[in-house]
Every structure is written in C-alpha cells, then in structure tokens.
Amino acid sequence: MVKLKSPVAEFTVVGKLRDFVIKDGDKIKYLRLIIVEREYWFKLSKEIRYSLDPAIQPGCWVEVTGAQKYKSGKLKLTASKVKLAANPQLGGTVSQPKAKASILVCQKADCCKRGGRAVYHAIEANLRSHELQDQVTIRATGCLKQCKSGPNVVFMPDKARYSNVHPAQIPALISEHFPD
C-alpha cells in the first residue's frame, strides 16, 4: 500500500493582525490574521518565532509568506516570513504602530506563592479604575529569573523591573509609569 503525502503550496498574503497565540507563558506560536473578513491562524516557524519585529502588534497590517498543506482534512498554514505591510484599503505606506505598553507579571510557582496572583489582580483593577485597560495589556509570564525575590513585575516598554511587589504598591507604580 502506497501512502501519498499531501502537496505543499507556497503562499503570500496580506492581512490585519488580530492577535498572537502564546503558549508556555511567553512563546508566540501562532499569528491570528483577518483576511477578507475571515480569521486564519499561521504557525510561526522556529526561525522567525524569536526574531519577530517588535513593531508588529495587533491591529497592524502584515505580509505573511509560508507554506500551506492539508493534514487530516484541515488546512495547515506555516509562516516562514512576516513583515509589516501597507493597508491595502488605503494604498498607503507602511506605518509603524505605536508600541502598546504592557505589564509582565510572573505567574510561576515561587512568585504565586509570594502573592503573584494578588499582584496581577491588583494591576488589573488599578488599570480599570484609571481607564487604562485599552492602552495597557497585562501579560502573565513564565519565570523572570528572580524567584527568591518574587513576585516580579516588568513594565514595558520602559523595561523597568520590580521585585518583592505587594498589591498595595501597585497604584504608585501605575501612576509613575502611566501619568495622566
């Protein structure tokens, strides 16, 4: 009995990045793209997973090149190249999106034992009370390599790192990094 492999075809598409799919706490595994009012998931090859342009953020237009194949009756899309693209509806040039601020909160066991979850919820509540939830994202991360001095928090894009953070300190940190 001969088993046939499904054919692999190359593709290049332009779409609006809806979001990233993150696995294992901090690894971007898939891009969720909107193309002609449909959402497609593109698996990132290992080569580009770690070298993805930081300007590529949800909401911007990207051009994805890669390979497609059918496996078990499902379409599998693997991206080998991702770059910023112009909005095809405007016919304009590529615009660099404004970097969205984010707060990284370690959620590994040591930080959680020391109050990491309470810190995460305090940040969430404080952003809501200052109406910053649309401008700042909170990301639960894996280990930030400061386990003994957890919970650990990093404010991006400033890259300001804080250890031994307590929920009571959150309002002051939010005010310092996101002044009105």
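Residues numbered from 1 in each chain as written. Predicted model: local features only at pLDDT ≥ 70, side-chain atom pairs only at ≥ 80, totals over all residues. Heavy atoms only, no water.

### A few points about the overall build of the protein chain
Next up, step 1: Within the protein chain, the regular secondary structure consists of four helices and nine strands.
Next up, step 2: In the protein chain, the succession of helices and strands from N to C terminus is β-β-β-α-β-β-β-α-α-β-β-β-α.
Next up, step 3: For the protein chain, buried positions account for 36% of its 180 residues.
Next up, step 4: Partitioning the intrachain contacts of the protein chain with sequence separation of at least 6 by distance along the chain shows that 55% fall at a separation of at least 24. (Helix = DSSP H or I, 4+ residues; strand = E, 2+ residues; numbered from the N terminus. Buried < 20%, exposed > 50% of the residue type's maximum accessible area, 1.4 Å probe, protein only. Contact = heavy atoms within 4.5 Å.)

### Some thoughts on helix α3 (residues 116-129)
Next up, step 1: Its 14 residues give α3 an end-to-end C-alpha distance of 20 Å, which sits within 8% of 20 Å, the value for a rise of 1.5 Å per residue.
Next up, step 2: The complete set of buried residues in α3 reads Gly116, Val119, Tyr120, Ala122, Ile123, Asn126 and Leu127. Seen from one end, α3 has its buried residues packed into an arc of 165 degrees, which puts them on one side.
Next up, step 3: Elements in contact with the buried residues of α3: β6 (101-106), α2 (109-113), β7 (136-141), β8 (153-156) and α4 (170-177).
Next up, step 4: Positive phi shows up at Glu131, right after α3, with a value of about 55 degrees. (Expected span 1.5 Å × (residues − 1). Arc of directions from axis to C-beta.)

### Observations concerning the pattern of salt bridges
Once their charged atoms are close, side chains differing in charge can pair, the charge on each being opposite to the other.
Next up, step 1: One pass over the full model with this rule turns up four salt bridges.
Next up, step 2: Glu39 is the salt-bridge partner of Arg18, the closest N and O atoms lying 2.6 Å from each other. With Arg18 in strand β1 (residues 9-23) and Glu39 in strand β3 (residues 38-44), this pair connects stretches of sequence that are 21 residues apart.
Next up, step 3: Classification of Arg18 as partly exposed rests on a relative accessible area of 46%.
Next up, step 4: For Glu39, a relative accessible area of 28% corresponds to the partly exposed category.
Next up, step 5: The shortest N-O distance in the salt bridge between Lys83 and Glu63 comes to 3.9 Å. With Lys83 in strand β5 (residues 74-84) and Glu63 in strand β4 (residues 61-71), this pair connects stretches of sequence that are 20 residues apart.
Next up, step 6: According to the relative accessible area criterion, Glu63 is partly exposed, its value standing at 23%. (Salt bridge = Lys/Arg side-chain N within 4 Å of Asp/Glu carboxyl O.)

As far as function goes, none of this settles anything; it's purely spatial.
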